[in-house]
Amino acid sequence: VNTRKHPLGIPPPSEKDWPKDDEEDFFLLDPDRERDALPQPFRMINKLLMQVFESAMEIIERREMLREAEKLKVQPTKCFPTAEFQVTGRANCLAVSGKYIFVGVSVGLAAFSTCDCKGVCAWDAANTEICAIHASHLGNECHVLLAVDEMGLVWLFCFHQDSFLLIKTLNEVEDISKRSTCVEVVLSRGGDYAGILLQGNTKGWLEIYQLPKDSWLTEMEKNLGAAEGLACSERRSSCTSAVQNSSMSLCAFPVSASQADIELDLPVLLLTVKPPKPITGTRFKSPLDALKEVDDGSMLGLGYNHLIKDCQWELQEAIFRSTYQKYLEAEGVTKEEIPRHATFHFLLPSRILVGPEMKVQPDIPVGIGVHWDGNHNFCLYLLNHPLTKKVDSDLKPDVVWPCAAPIACSAVSSCSRYLALAGEDATITIWDKHLGYPLSVTAILEERLIRSIHFL
């Protein structure tokens, strides 16, 4: 009988018993060692394949999550064109008025009907490229159009009876060297007024025209009655000749022939608004003279009525430049220039623009609001100035709303009651035009620059 003198113990592990695989948790994957470890090259390949497979599964899971998140979002409705129309040349701009679509093309103007998207007529007499177009419905199937061509000329049209009628080129002059270029065109709602911003070689100004739409509509009604009478007379004569000759013939309405005989009244230049002049030294000899100007109500709010002399301005400028010389050299500060670009809006009646005895219509503008680039003041001008007054005279604003910073952009609500002014210091002020005071002031980040603002 063989007996053990010592109890059976577990021998300590030796180096030959260590796992040859690089993975530390190999014993968890194969604790019983039922499958032998692969040789070294195949182990490396297996490890790389497992990593590629796991990366691919992670990408697939991530894409599935994104796809599920997209399904939860509200999908926008896809709209496809219901009809299309062909134009001659390149289409640059378009405007919709009533049941017509007016398109500015590379050779002139084209009009299309919104009912069947078919061409109604075209205008290519001047063979000029139209770059901007504004249209408004005057009533009685009559429309007014303002078109700007590639040379900066403003063309005023009246569209009636499916034909264009050229009324006037607003900024055309005989001497081409003195011609001014149109920068912006605004047509008031209803077509009562039109404003064009012009720029010359060294200066810019704003011209406001009153459109005699009532006389235009009257002339169009007379022309329509004459055309119908002429058509009836030709229809009778054609029917008589058909009975005599025992044959039938078709008669065309001579509308196009009568259209050429229409002579419409020209627009009237109401205002010429020039940019504000830089503030210079006082021209008053005493404070009493300045108070007389303030009592007169002229130039109030523009900063011209002061008692600072030229020598004081020069001394202040010298002190400022000596203190901040290094910053001025680094920034490259240039001398202040007269602004050449402005933003303007037609304004409906309100307490600020209408006096207690003035009789106005609620849907016709009574004034305009203008602010020039780099200027702090928003100026309001009335449109009921007497026509006997010289238009080219230095016009003063009727109301001035000063701002803490230069005005960058502005917007007027659709009801024309609220006015939004955005300054270069990233502040937005909402004014109530009817009451004449600001409703709110919102400050945005100082590093941001507001370029445009709109009411929703």
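Computed from a predicted model, the values in this text were never measured in an experiment. (Residues numbered from 1 in each chain as written. Predicted model: local features only at pLDDT ≥ 70, side-chain atom pairs only at ≥ 80, totals over all residues. Heavy atoms only, no water.)

(A) Region of interest: the sheet that holds strand β10 (residues 193-199). Reading across the sheet, the 4 strands line up as β9-β10-β11-β12 and stay open at both edges, with antiparallel pairing between neighbours. At either end of the open sheet lies a strand with only one pairing partner, and these are β9 (181-187) and β12 (268-273). In this sheet, adjacent strand axes meet at a mean angle of 20 degrees when their direction is disregarded. Across 6 bridges, the pairing between β9 and β10 is antiparallel. (Pairing = 2+ DSSP bridges. Helix = DSSP H or I, 4+ residues; strand = E, 2+ residues; numbered from the N terminus. Axes fitted to C-alpha atoms, helices over the stretch in contact; angles between N-to-C directions.)

(B) Layout of the sheet that holds strand β17 (residues 407-412). Across the sheet, which stays open at both edges, the 4 strands sit in the order β17-β18-β19-β20 with antiparallel pairing between neighbours. The outermost strands of the open sheet, each flanked by one partner alone, are β17 and β20 (437-443). In this sheet, adjacent strand axes meet at a mean angle of 20 degrees when their direction is disregarded.

(C) Examining a nonpolar patch on the surface more closely. Judged by side-chain polarity, Phe42, Ile45 and Leu49 come together as a nonpolar surface patch covering roughly 330 Å² of accessible area. The topology assignment puts isoleucine 45 in helix α2 (residues 40-72). On the accessibility criterion, isoleucine 45 (47% relative accessible area) is partly exposed. (Patch = residues over 30% accessible without salt bridge, like charges linked within 9 Å, V, L, I, M, F, W, Y side chains within 5 Å. Areas by Shrake-Rupley, 256 points an atom, 1.4 Å probe, with all protein chains shown as cover. Salt bridge = Lys/Arg side-chain N within 4 Å of Asp/Glu carboxyl O. Buried < 20%, exposed > 50% of the residue type's maximum accessible area, 1.4 Å probe, protein only.)

(D) Representation of the nonpolar core. Core analysis: the largest hydrophobic core is formed by 25 residues, its most contacted members being Leu146, Val154, Leu156, Ile196, Trp216 and Leu264. Elements represented by at least two residues in this core include exactly β6 (142-149), β7 (154-160), β8 (164-169), β9, β10, β11 (204-210) and α3 (213-245). Considering every element that reaches this core, the biggest residue donor is β6, with 4 residues. Each residue touching isoleucine 196, except ones within four places of it in the same chain, is listed here: Val154, Leu170, Cys182, Glu184, Val185, Trp205, Leu206, Glu207, Tyr209 and Phe344. Within the second largest apolar cluster, 19 residues are counted, among which are Leu206, Ile208, Leu271 and Val400. (Core = buried A, V, L, I, M, F, W, Y, C linked by side-chain atoms within 4.5 Å. Contact = heavy atoms within 4.5 Å.)

(E) Summary view of the packing of aromatic side chains. Throughout the structure, instances matching the rule amount to 12 aromatic pairs. An aromatic cluster is present here, built from Tyr100, Phe102, Trp123, Trp155, Phe157, Phe159 and Phe164 joined pairwise through their rings. (Phe/Tyr/Trp six-rings, centres within 6.5 Å; stacked < 30°, edge-to-face > 60°.)

(F) Representation of the pattern of salt bridges within the structure. Scanning all chains against the criterion turns up 5 salt bridges. In this structure, the salt-bridge partner of glutamate 70 is lysine 73, at a minimum N-O distance of 3.6 Å. Here glutamate 129 makes a salt bridge to arginine 90, at a shortest N to O gap of 2.4 Å. Placement of the pair is glutamate 129 in the loop between β4 (119-123) and β5 (130-139) and arginine 90 in the loop between α2 and β1 (91-97), with a sequence separation of 39 residues. According to the relative accessible area criterion, glutamate 129 is buried, its value standing at 14%. The class of arginine 90 is partly exposed, set by a relative accessible area of 48%.

(G) A look at the confidence of the model for the protein. Confidence in the prediction of the protein, expressed as mean pLDDT, is 77, and 71% of residues score 70 or more. A low-confidence stretch, residues 230-258 stays under pLDDT 50, and its non-local contacts, those more than four residues away or across chains, total 13 contacts. (pLDDT = per-residue confidence, 0-100.)

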